[in-house]
Amino acid sequence: MKKYSKRLTCVLLACALLMGLLLTGCSGSGSNDGTKEDASASGKTYQTELVNVSTSVTTLSPFTNGFTSKMLTYSVYEPLMSMDYETNGMVPFIGKKLTNPSEGVYEVEIFDYVTDSNGNHITADDVLYSFEKARESGFFNNIMSTLTAVEKIDDYNIRLVFTNMRKDVYKQVLSNINIISKTAYEASSDGMATDKPCGTGAYVVESFVSAAETVVVAREDYWQTDDSVRNWISTQNTKRIAFQALADKTANAMALRSGEIDITYAIADEDQQTFVDFDSMTAKEGYSACFMPNGAHRHITFNCSTNSPCQDVNLRKAICYAIDIDGVIASCDRFIGARYNEYSACPNYTDVPASMLKEAGSYWEYDVDLAKEYLAKSSYNGETIRILVNPAGWMAAGTVIGAYLDAIGIKYELLSYDTALYADQHADESGTLYDIDLNEISNFFAFWNANTTLDINSYSSGVNHLFIKDDHLQELYDAAASADGTPEDIQALADYVDEQCYAYSLFYCTHVFYGSDRITKWARIERQPIPGACEYSR
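A.B. asks: Provide a residue-level description of the nonpolar core, including the pertinent values.
C.D. replies: L80, F131 and F162 are the most contacted members of the largest nonpolar core, which totals 71 residues. If you tally residues by element for this core, the top one is helix 3 (residues 124-137), at 5 residues. Residues in contact with L80, not counting those within four places in the same chain, are P92, F93, I94, G95, V108, I110, V127, F131, I158, L174, I177 and I179. Of all hydrophobic cores here, the second largest spans 51 residues; its members include C320, A397, Y477 and C509.

Here you go:
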């Protein structure tokens, strides 16, 4: 991908991100302004017989949280509800009605005619069983940690009870825990990972070869026949979807060129512009593309403990002013990046106050002279600043950041490890292993996520991921993260983080899915296209 100027990148991303908050933010040889109404359920009239998706599927388990697996799990399994990312509200799936009778208590009525692909009837007992298995899996600890009880009211009504609930955590629980039949699950020898997968979704598994090919086929007996309440995710625009694992990114590009695949995410950097014009953010002739805003943002957090030179706020400010964000963005060729204008103020987040989405340029603007002034005020005495680098494509960015530090007289060392060792280093709570963490994280304001950087309660050591115990920071965080937290609470938290220079939100990104020109409208949820709900010309 080419390097872009700051102004051009920001303008283009602003346009793309406005579209990204809709269900579809995509382009192709057909219309590029699709909405979820465009992808409404079409019953058993298939627009195409087969759609080929390039992704590796290694498990069919309904209780997993992998990125590439969601295109499959959304096809085969269903949660109680899904999130509407335009309104931040909830949309019925298996769940018919949601009520909130008291603080921390949510009651869900489920449809009384839900069946899985084996014909098993779904009741409240199956819902309780599914929540039990989801908790046992360990994949959902971050959203289930404050869920203290799941209770049966009657055969078609359940109650969720949260204690000290973080903001919007109930939405994550409702939309991420898939519901399966206890009978079907117990009939499988491995929890449906490979044996007898069976869900309530609009597609059923036809064949499965781990890390090779998985084929799902549209259910003729899909339970929800009332289009007025049918969730758009269950649309059946294609009869079959084949998930194929190709050798590498180059193979993906070749397969897309030849028409062997219709959807892929992994394209080698040198091949991307074959399919997409990144200057205009549109697909090239013969292809389609979906530009998806990404909630994860690229950032640095400082070790503010007495174990690090970065305990000095003047040194932290010197480092921030020394970094040219546009240079960092340019080093990350596989991302389309736009810089922040305030701590974690990404327009991709539904819970970021409008007041934070100011014009870019007021947030640690690159200024070498000012960086040197703050460095002179600091207690820095030639120590080597250790930068822990996320191994997932961040070495180039780390090298650029290190060069900026070197330019103002700060010594640095890049700490690069394999994925497993990096995870151990990153999880360490001693505050002795590194001074700067160069990483990516989902929204700092995704308060439902128990693994947050700022919250002391997320760690066992009595300090947060900044390796400090700042009572005022915790007070602000608790207010913003509470179920009744206001935009003003979030703004106050962000202002304090900026004032103390605890972290630096560098830039946010757009994910690109590349497709064949058969796709005339894309349908997606979060960062995943939904192959069955996309629209096809042939």
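A.B. asks: Outline the sheet that holds strand 6 (residues 105-110), supporting the account with residue identities and numerical values.
C.D. replies: Consider a sheet: its strands pair through backbone hydrogen bonds, and that pairing is either parallel or antiparallel. On the basis of which strands lie adjacent, the open sheet formed by 4 strands has the order 5-6-8-7 and antiparallel pairing. The open sheet is flanked by strand 5 (95-102) and strand 7 (147-154), the only strands paired with a single partner. With strand direction ignored, the average angle separating the axes of adjacent strands in the sheet is 20°. As defined by bridge partners, strand 7 adjoins strand 8 (residues 157-162) across 6 bridges and the pair is classed as antiparallel. Opposite V150, over in strand 8, you have L160 as the bridge partner. Sitting on the sheet, helix 3 touches strand 6, strand 7 and strand 8, and the angle it makes with strand 7 is about 165°. Contacts between helix 5 (residues 169-176) and the sheet are confined to strand 5, strand 6, strand 7 and strand 8, with strand 8 contributing the most and set at about 140° to the helix.

A.B. asks: Talk me through unusual backbone geometry; I want residue IDs and the actual numbers.
C.D. replies: Note: most residues except glycine have negative phi, and most peptide bonds are trans. Residues other than glycine seldom take positive phi values, yet D168 does so here, at roughly 65°. If you trace the backbone, D168 turns up in the loop between strand 8 and helix 5. One non-glycine residue with positive phi stands out, namely C501, at about 55°. If you trace the backbone, C501 turns up in the loop between helix 15 (487-500) and strand 20 (503-516).

What counts as what
Residues numbered from 1 in each chain as written. Predicted model: local features only at pLDDT ≥ 70, side-chain atom pairs only at ≥ 80, totals over all residues. Heavy atoms only, no water. Core = buried A, V, L, I, M, F, W, Y, C linked by side-chain atoms within 4.5 Å. Buried < 20%, exposed > 50% of the residue type's maximum accessible area, 1.4 Å probe, protein only. Helix = DSSP H or I, 4+ residues; strand = E, 2+ residues; numbered from the N terminus. Contact = heavy atoms within 4.5 Å. Pairing = 2+ DSSP bridges. Axes fitted to C-alpha atoms, helices over the stretch in contact; angles between N-to-C directions.

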